[in-house]
Amino acid sequence: MAKINSNYAKLAAGYLFPEINKRVSAFASANPGVNVYRLGIGNTTEAIPAHILSGLSFGAEKLGKRETYSGYGDEQGDKRLREAIANYYLDVDAKIAPNEVFVSDGAKCDSANIQSIFSRDNVIAVQDPAYPVYIDTNVIAGRTGKFDSKSGQYEGIIYMPCTEEEGFIPNVSSFRIKTGEKFHGLRINLKADLIYLCSPNNPTGAVMNRKSLENFVQYARENKSVIIFDAAYSWYVKDPDLPKSIYQIEGANECAIEIQSFSKLAGFTGVRLGWAVVPMALAVKNSKPGQLNGMWNRRQTTFFNGASNIAQEGGLYVLSPEGRSECGGLVNYYMNNAGIIRKGLESMGIKVYGEDNAPYVWMKNPNGMKSWDFFDKMLKEARVVTTPGAGFGPSGEGYTRLSAFGHTERVQEAVESIKKNLERTW
Ligand SMILES: *Cc1c(COP(=O)(O)O)cnc(C)c1O
């Protein structure tokens, strides 16, 4: 008799984007013909630049001739692309070898699947607020207890509150141990085994500085924990003192996996391309160096047959000097939008964070308004769709995320509408 994976029933957070859509549809049918501005989801909107596009076309054309046709590619991804990725790490002063790189169809899949090479007994630690994938995949894998709607937390997960006072950066001391917590039905003291970090963070846009990353690396090395570092927005870091890769921290190659994406860099959200780095030096309690690298290879070759060869050809063009300069243009374009949103909100006396080194504006709701109440207010009065901070974790309550991934004209109109129509209650 087949049985379902009952862990799915525990999932509480999956309602975020469906709930947004539900409220937007309800508003649209109650107000036919009224224009709605979307500053909600983090989806790219600008066209892929010419040189990078020619790489994608070239990849497709090669398939049209017997001499250049290729079928299944190399296990870990096109060797030329893995070499180009290894070279990218040299630019940020980190040393990664091509055999430590695994090309994939995106960072979401990698950040979701990476937990499968670790035991179910591992305790995970997450930033709060965070990208929901880290928690949800561990819930599905059975690494948590039930969701407690009062605290907004799952039993058995260590939440690292990222607060305004600490610049929305997680603090290693906040999670050294969580006492009396239930894990697999037992009340025990939890220690973090798998630590998910995302910097620049989605949704807060906060970037971890060198010192805070060093503290996490030190903790991970002392405890044989693993840091899973999602660097999907590293391309938006302007401040040269802020790390773009966890491997800029000494010793990180012994304790960290990095996940990267071409999505927010080159507008590859629909093309699908990313990578994971599993260093040879990485080892945990019951493993030898190289073993986790081999296990991720085994996992990928069993469950996945490689990223599209067209996308990989495009990726090579992205990492070429011409492609990198085109991507710089895209990043500047979205960052200019972020600046427009920030200035508009600040002119209304609203406190905003995040947008310096990330394409998101994280705003503090005026008057301590709850996330969903403010979402409704923005939609009804200004006709702007946002993302309620509470949807990313309990510490996001009272905040709102605004995405800068729109066309500048529309972003400008949205900001004007907020300025004109949002009723000031503060
Ligand atoms: C957008 C995003 C990604 C990128 O995912 P892809 O699957 O590569 O498109 C990864 N992590 C975070 C936090 C994101 O916001």
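Residues numbered from 1 in each chain as written. Predicted model: local features only at pLDDT ≥ 70, side-chain atom pairs only at ≥ 80, totals over all residues. Heavy atoms only, no water.

A. Representation of the site of the ligand in the model. Inspection of the region around the ligand gives 14 residues, with Tyr233, Ser261, Ser263, Lys264 and Arg272 positioned closest. Between the ligand and Asp230 there is a distance of 2.7 Å, counted from a nitrogen atom to a side-chain nitrogen or oxygen. Burial of the ligand by the protein amounts to 93% of the accessible area it has alone, namely 390 Å². Comparing atom positions with the cavity grids shows the ligand to sit within the largest pocket. Among the secondary structure elements, those contributing two or more residues to the shell around the ligand are α4 (107-113) and α7 (263-266). A per-class count over the shell around the ligand returns 6 nonpolar, 4 polar and 4 charged. (Near = heavy atom within 4 Å. Polar contact = N/O pair within 3.5 Å; in protein donor to acceptor, adjacent residues only side chain to side chain. Areas by Shrake-Rupley, 256 points an atom, 1.4 Å probe, with all protein chains shown as cover. 1 Å grid on protein atoms, 1.4 Å probe; cavity = no way out; pocket = protein on both sides within 12 Å on 5 of 7 lines; lining within 4 Å. Sits in = over half its atoms within 2 Å of the grid points. Helix = DSSP H or I, 4+ residues; strand = E, 2+ residues; numbered from the N terminus. Nonpolar A, V, L, I, M, F, W, Y, C, P; charged D, E, K, R; others polar.)

B. A look at the domain arrangement of the protein. When the domains of the protein are assigned, the result is domain 1 (6-47 + 324-421) and domain 2 (79-320). Of the residues lining the interface, 34 residues belong to domain 1; the matching set on domain 2 comes to 44 residues. Interface area, domain 1 with domain 2, both sides summed: about 3200 Å², of which 59% is carbon and sulfur. When the buried area of domain 1 at its contact with domain 2 is split by residue, Lys10, Arg324 and Asn357 rank highest and sum to 23% of it. Summed over the shared surface of domain 1 and domain 2, the result is 3 salt bridges. Between Lys351 and Glu164 there is a salt bridge, with its nearest N and O atoms 3.4 Å apart. At the boundary of domain 1 and domain 2, one finds 18 residue pairs in polar contact (both at pLDDT 80 or more). Contributing elements (two or more residues each) for the side of domain 1 that touches domain 2: α10 (321-346), β14 (360-364) and β17 (399-403). Sorting elements by how many residues they give to the side of domain 1 that touches domain 2 places α10 first, with 6 residues. The residue inventory of the side of domain 1 that touches domain 2, partitioned by class, reads 18 nonpolar, 10 polar and 6 charged. (Domains from an automatic or database assignment. Contact = heavy atoms within 4.5 Å. Buried area = accessible area lost by both parts, 1.4 Å probe. Salt bridge = Lys/Arg side-chain N within 4 Å of Asp/Glu carboxyl O.)

C. Inspection of the packing of aromatic side chains at higher detail. All chains considered together, the criterion is met by 22 aromatic pairs. Between Phe168 and Tyr399, the aromatic rings sit 5.5 Å apart at their centres with planes inclined by 90°, giving edge-to-face as the arrangement. Placement of Phe168 in the loop between β6 (158-161) and β7 (178-183) and of Tyr399 in strand β17 is noted, with a sequence separation of 231 residues between them. Taking relative accessible area as the criterion, Phe168 reaches 3% and is therefore assigned buried. Judged by its relative accessible area of 8%, Tyr399 falls in the buried class. Measuring from ring centre to ring centre gives 5.3 Å for Trp372 and Phe375, while their planes differ by 65°; the resulting arrangement is edge-to-face. Here Trp372 and its partner Phe375 are both found in helix α11 (residues 371-382), 3 residues apart, which amounts to about one turn of the helix. With relative accessibility at 14%, the residue Trp372 sits in the buried group. Phe375 sits in the buried class, given a relative accessible area of 0%. (Phe/Tyr/Trp six-rings, centres within 6.5 Å; stacked < 30°, edge-to-face > 60°. Buried < 20%, exposed > 50% of the residue type's maximum accessible area, 1.4 Å probe, protein only.)

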